[in-house]
Structures are given as C-alpha cells and as structure tokens.
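Here is how the chains run, residue by residue.
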Amino acid sequence: MSTVLRIKGAAALLLVASIALPQSTCVGYRGPDGKFVAELPGDSTRATYQPAVERAYVLDDVHVGDPRSWVKLAIYLWPLAAVAVLARTRSRRLRMFITIVEPILAVCSAYMIWFVATFFVEPAAGAYVAIGAFAIYFAVWVVEIWRAVRNRPSAAAQASAHARSPS
C-alpha cells in the first residue's frame, strides 16, 4: 500500500470518527414537557423554560428501515470504501473511474456536511473534523494526480524511443 493510499485511509477513518461528534449545535430553551424550542413561546414565562443547547449528530435521523436516510451516512462512509477498493483492485479501469469520481464526491460531500451543519444552527466539532478530513483527502488526490502527470512519459520521449527502436 502506497503512502498516498495510507494518508487517504487515515483521512477516511478520521471522517468516520467524526460521526461520533456533534455536527451542529443550537442554543435555545427546554420546556417543562422536555421539548427543545429555539425561542420562548409568547405565552410562556421564562421560569418554566430552562436555557439549553441541542446537539445534532449524524446518526440522529438514520433509520435502518428508511433507505433515504442512508444517504446521510453514505456521505461519511464512501471514502473508506473507495480506499478499500483502491487497495485491493488490480483493474486499471476501476482505479481510473475512482480517481475521476473522488474529487467530485469529496467536494459534494463536504458541501452537504457544511450546509447541514450551518443551516440555522452553529457548526460543531464533528462538522469541522469532517471538513478537515475531506480537505486532507482532496489534497492527497491532487498530489496523486500531480505525480501521475509528472511521471507520465511525454509524447516527444515516446516518439524518440519509437524512432530509435529497430523496425
């Protein structure tokens, strides 16, 4: 396993670890019935509502019976699957496909995480860790592409090698 793949694997594991952290927080009040509200209702007294902070986690809304909620979890798990496939496969076509799709998925996933973590709430540690993990993953992808382009033989070198070969 190459160093680049190991760094991608570490970023993918960091992303999976960010699932355990709160993605966003909202400051509000907890009512006498235990429900959280962002603002005090007009007909209530301040004494009945206690200040509270609500934390939102990735797994709060994931239900096994609801396939639509799996997308939220897939945003955090696809890099781990991509690294596993890249480490095990020998197929050039599959490796090329993953290399092309990785930056698109990384940017889209990071955007979705940030959008959800900042939509009417404050981002928390989990969102920052996830965005950092995607930044590392994307930076390693850029280095990987840069190395591939740098190490690719130029057309002039191929032409001169072909001209020197006995025909």
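Attention in this report is confined to the structure presented alongside it. The structure displayed is predicted, hence computed values, not measured ones.

This paragraph deals with the packing of helix H1 (residues 3–17) against helix H2 (residues 67–88). Remark: H1 packs on H2, axes separated minimally by 8 Å, with the N-to-C direction vectors making an angle of 155°. One element, H1, and the other, H2, form an angle in the roughly antiparallel class. Where H1 crosses over H2, the two elements pack in a sense that is left-handed. Only Ile75, Tyr76, Leu77, Pro79, Leu80, Val83, Leu86 and Ala87 of H2 make contact with H1, whose side of the interface consists of Leu5, Lys8, Gly9, Ala12, Leu13, Leu15 and Val16. When its residues are assigned to classes, the contact of H1 with H2 shows 13 nonpolar, one polar and one charged.

A few words now on the nonpolar core. Among the nonpolar cores identified, the biggest contains 21 residues, and Leu15, Tyr76, Trp78, Ile113, Phe134 and Tyr137 are the most heavily contacted of them. Sorting the residues of this core by element identifies H1, H2, helix H3 (92–118) and helix H4 (125–151) as the ones contributing at least two each. It is H2 that provides the largest number of residues to this core, a total of six residues. The residues touching leucine 15, leaving out its near neighbours within four places in the chain, are Ile75, Tyr76, Pro79, Ala130, Ala133 and Phe134.

This next bit is on H1. A rise of 1.5 Å per residue sets the reference length of H1, with its 15 residues, at 21 Å; its end C-alpha atoms lie 21 Å apart and thus fit the reference within 8%. For H1, the full list of buried residues reads Val4, Leu5, Lys8, Gly9, Ala11, Ala12 and Leu15. Seen end-on, H1 carries its buried residues on one side only, within an arc spanning 165°. Facing away from the buried side of H1, by more than 90 degrees, are the exposed residues Thr3, Arg6 and Leu13. Next to the buried residues of H1 lie H2, H3 and H4.

Cut-offs applied
- Residues numbered from 1 in each chain as written.
- Predicted model: local features only at pLDDT ≥ 70, side-chain atom pairs only at ≥ 80, totals over all residues.
- Heavy atoms only, no water.
- Axes fitted to C-alpha atoms, helices over the stretch in contact; angles between N-to-C directions.
- Helix = DSSP H or I, 4+ residues; strand = E, 2+ residues; numbered from the N terminus.
- Parallel < 35°, antiparallel > 145°, perpendicular 65-115°, else oblique.
- Left-handed = near helix turned anticlockwise from the far one by under 90°.
- Contact = heavy atoms within 4.5 Å.
- Nonpolar A, V, L, I, M, F, W, Y, C, P; charged D, E, K, R; others polar.
- Core = buried A, V, L, I, M, F, W, Y, C linked by side-chain atoms within 4.5 Å.
- Buried < 20%, exposed > 50% of the residue type's maximum accessible area, 1.4 Å probe, protein only.
- Expected span 1.5 Å × (residues − 1).
- Arc of directions from axis to C-beta.

Keep in mind these values describe shape, not function.
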